[in-house]
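Here's the letter readout for the chains.
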Amino acid sequence: MTGQLHRVDVTVLPAGWNRVEPEIAGNWSPTLSPDGRHMAYVSDRGGAPAVWVQPVDSELTFRVDTGPEPVSAVAWSSGGGWLACRTAPGGAPRQEVWLVRPDGSDLHQVAGFGDDTADDMRWLPGRPVLALTENLTSAILIDVTAETRTVVARGDLLSLLDVDPAGRFALLRYGPRGAREIMLRDLSTGTEKPVTRGEKAVFSPGGGCVYALSQDGEFPALIRMAGDAVEVLASGGEVEDFTITADGRTAAVLFNVRGGESEAALIDLDHDGDRGPKPVSPLPGPVVGGLAWSFDAATLAFTAEGPGRPHGVWIWRRETGEMRAVSAAPASPEAVHPTLEVVTAHDGLTLTGWLFRPGTPGPHPTVLWFHGGPEAQERPGHGPLFQSLVARGIAVFAPNVRGSSGFGRAFVEADNGARRYDAIEDVRSCVTFLRESGIAGRVGIMGRSYGGYLTLAALTAFPDLFTVGVDICGMSDFDSFYRHTEPWIAAAAVSKYGHPVHDAGLLRDLSPLHRLDRLRAPLLIVHGENDSNVPVIEAERVVASLTERGHPHRYLFFPGEGHELLHRSARAEFLRVTLDWLSFYLTAE
């Protein structure tokens, strides 16, 4: 590590503030100064995601210069002296971690050097120590004051979640997607003890117990483990996230309810306290995330979004119950709010989806949209594409087919391996529902990442169902995906898709590239140059095949972008081209 000596973790704030002109922008990754009076967050105002610092009671802001690369997340140290910034060079999945003072001084890189990628960054409470993971193989601690970098554990598909205050134990997560185990490791002996199946766990501030989001049951639950004793603190539905105050007395818990809406509550963690959840309401949007306490436990930060309202950053003051926007655009009064629809799949499984419908009588030209993951969930958040399509008289149905999160463990695992055929069949069930309900006339299909794969798979499995398609960075051939994606992505995907060698026959049969001769619908293919999650070869092979056949298609290629379009100019071009493409084929007489 290089830079100034004596990098103490004491509160640093910008000296000059500026008033930013109001604009529609997305804001996320809120993190509070120790006293809760200032917030740092990521915003794409100005065109690309960058770090901004703002007093929570003022419209004055300060843009922190972290270099030219897009920022994906920021975290404020508990002493107040540092911001840890995760950046995405070239927009690709590979990430770096940089430290900078909140006034923009002393910027320096601490992780993700060369071809390495860094993730899971977390300031250890009350300590100037940053925990993170590189390449899903190395658990690293960076002491900012001592200027040391220590590898505390190594392993395959490993992530560092937390280290206890005494530095004796670490919480590590192992395993591929959908099958991750949390372990408690004694750092002096290397021995490990199972905690739970799941994704997230932290030590209590004193280190005497562990809080974890357990996935041992059908639905995630918040548990506390002390020694061999396990106590369930929150359950009875989909517990989505939690965060513990620095004094260890309160947990803020986020619940996923009603097919994708959010509820938030506080749980008293004192052994003699009232454990009943106390609602944090009313929430400013139907979808909430990014929970973060101030170090003094007086203020809770979070993001909120909804139809016609992009991600905004908010605070809730614990003493008064005040809910206040720090940086959030007002909701558009013209926004169409979706309804939650129920679909019965071919095998009787219940599916749900969000329907955005024009105000005129149907049937409507309709677009099916499929989210990525597949372990993600379509929720009633902000969707400029959906709103713009509805404004053109095109309905949008965004289902959560099997494999989606938010509906229990069995539902998430219902598309693993050979069961992916059922997930593809779910697409036909959705079209049947839309037509039998009188909602849909002509039907188009589109999706991103895994949703792009599902789009290609459905277009080639059911070619007569669709008038038009849009594939956004989807896998077209599992063999080339496994050979060209990042090694840690490939290793983590085996539990979901199948093994590239042992299941080669299955994966070939599930790969739509080998059935493109069945394609009937015109296809728009969208991909970013630097995508190393779903590498651009997945799009290029589709384009080459369609060109050879003379099949109608268009290739929308974005230089300098990765798996996501991080620059607003790129998103604007995508929106314009996609709207015109879908409108031409779905509404033309």
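Anything mentioned here points back to the structure above.
Residues numbered from 1 in each chain as written. Predicted model: local features only at pLDDT ≥ 70, side-chain atom pairs only at ≥ 80, totals over all residues. Heavy atoms only, no water.

A. Structural context of the packing of helix 3 (residues 420-436) against helix 4 (residues 450-461). Interhelical geometry of helix 3 versus helix 4 gives an angle of 75° and a closest axis separation of 9 Å. As judged from the angle between their axes, helix 3 and helix 4 are roughly perpendicular. Residues Arg420, Ala423, Ile424 and Val427 of helix 3 form the contact with helix 4, whose participating residues are Tyr450, Tyr453, Leu454, Ala457, Ala458 and Ala461. Residues belonging to the contact of helix 3 with helix 4 are distributed by class as follows: nine nonpolar, no polar and one charged. (Axes fitted to C-alpha atoms, helices over the stretch in contact; angles between N-to-C directions. Helix = DSSP H or I, 4+ residues; strand = E, 2+ residues; numbered from the N terminus. Parallel < 35°, antiparallel > 145°, perpendicular 65-115°, else oblique. Contact = heavy atoms within 4.5 Å. Nonpolar A, V, L, I, M, F, W, Y, C, P; charged D, E, K, R; others polar.)

B. Molecular detail of unusual backbone geometry. Cis geometry marks the peptide bond from glycine 362 to proline 363, where omega comes out at 5°. Mapped onto the elements of the fold, proline 363 is located in the loop between strand 30 (350-356) and strand 31 (364-370). The linkage connecting glycine 373 with the following residue, proline 374, adopts the cis geometry, with an omega of 5°. Of note, proline 374 is situated in the loop between strand 31 and helix 1 (384-391). The backbone of asparagine 135 shows a phi angle near 60°, a positive value even though the residue is not glycine. Within the secondary structure layout, asparagine 135 lies in the loop between strand 11 (129-134) and strand 12 (138-143). Of note, the phi angle at leucine 136 is positive, near 55°, even though the residue is not glycine.

C. Local environment of the pairing of strand 3 (residues 38-43). When you tally the buried positions in strand 3, you get six out of six residues, the bulk of the element. With burial as the criterion, each face of strand 3 is covered, one bearing His38, Ala40 and Val42 and the other bearing Met39, Tyr41 and Ser43. Sheet topology note: the strand 2 (residues 27-32)/strand 3 ladder contains four bridges and is antiparallel. Of the residues in strand 3, the one forming a bridge with leucine 32 is methionine 39. Where strand 2 folds back on strand 3, the antiparallel hairpin that results is connected by five residues, among which glycine 36 adopts a positive phi of roughly 75°. In sequence, strand 3 turns back onto strand 4 (residues 50-55) through a hairpin of six residues, with glycine 46 there showing a positive phi of about 90°. (Buried < 20%, exposed > 50% of the residue type's maximum accessible area, 1.4 Å probe, protein only. Pairing = 2+ DSSP bridges.)

D. Expanded view of the pattern of salt bridges. Inspection of every chain in the model, using the stated rule, returns 31 salt bridges. The partner of arginine 409 in a salt bridge is glutamate 413, and the shortest N-O contact between them spans 3.6 Å. Arginine 541 is paired through a salt bridge with aspartate 477; the nearest N and O atoms lie 2.8 Å apart. Of this pair, arginine 541 sits in helix 8 (residues 537-549) while aspartate 477 is found in the loop between strand 34 (468-472) and helix 5 (478-484), placing the two residues 64 residues apart along the sequence. Put simply, Asp57, Arg317, Glu322 and Arg324 are held in one network by salt bridges that share partners. (Salt bridge = Lys/Arg side-chain N within 4 Å of Asp/Glu carboxyl O.)

E. Molecular detail of the nonpolar core. Counting residues in hydrophobic clusters, the biggest one holds 52 residues, and the most contacted among them are Leu368, Phe466, Phe481 and Tyr497. In this structure phenylalanine 466 touches Leu368, Val427, Val431, Val443, Gly444, Ile445, Ala458, Leu459 and Ala521, once residues within four positions along its chain are discounted. In this structure, Ile394, Val396, Met446 and Phe558 belong to the second largest nonpolar core, which totals 28 residues. (Core = buried A, V, L, I, M, F, W, Y, C linked by side-chain atoms within 4.5 Å.)

F. Looking closely at the pairing of strand 34. Here strand 34 lies mainly inside the structure; five of its five residues are buried. By the alternation rule, side chains of strand 34 split into Val468, Val470 and Ile472 and Gly469 and Asp471, which are all buried. In this structure, strand 33 (residues 440-448) lies alongside strand 34, joined through five bridges in parallel fashion. For arginine 448, the partnering residue across the bridge sits in strand 34 and is isoleucine 472. With respect to chirality, the unit in which strand 33 leads through helix 4 into the neighbouring parallel strand 34 is right-handed. Examined bridge by bridge, strand 34 and strand 35 (residues 523-528) share four bridges and lie parallel to one another. Residue pairing across strands places aspartate 471 opposite isoleucine 525, the latter belonging to strand 35. (Right-handed = clockwise from strand over helix to strand, strands pointing away.)

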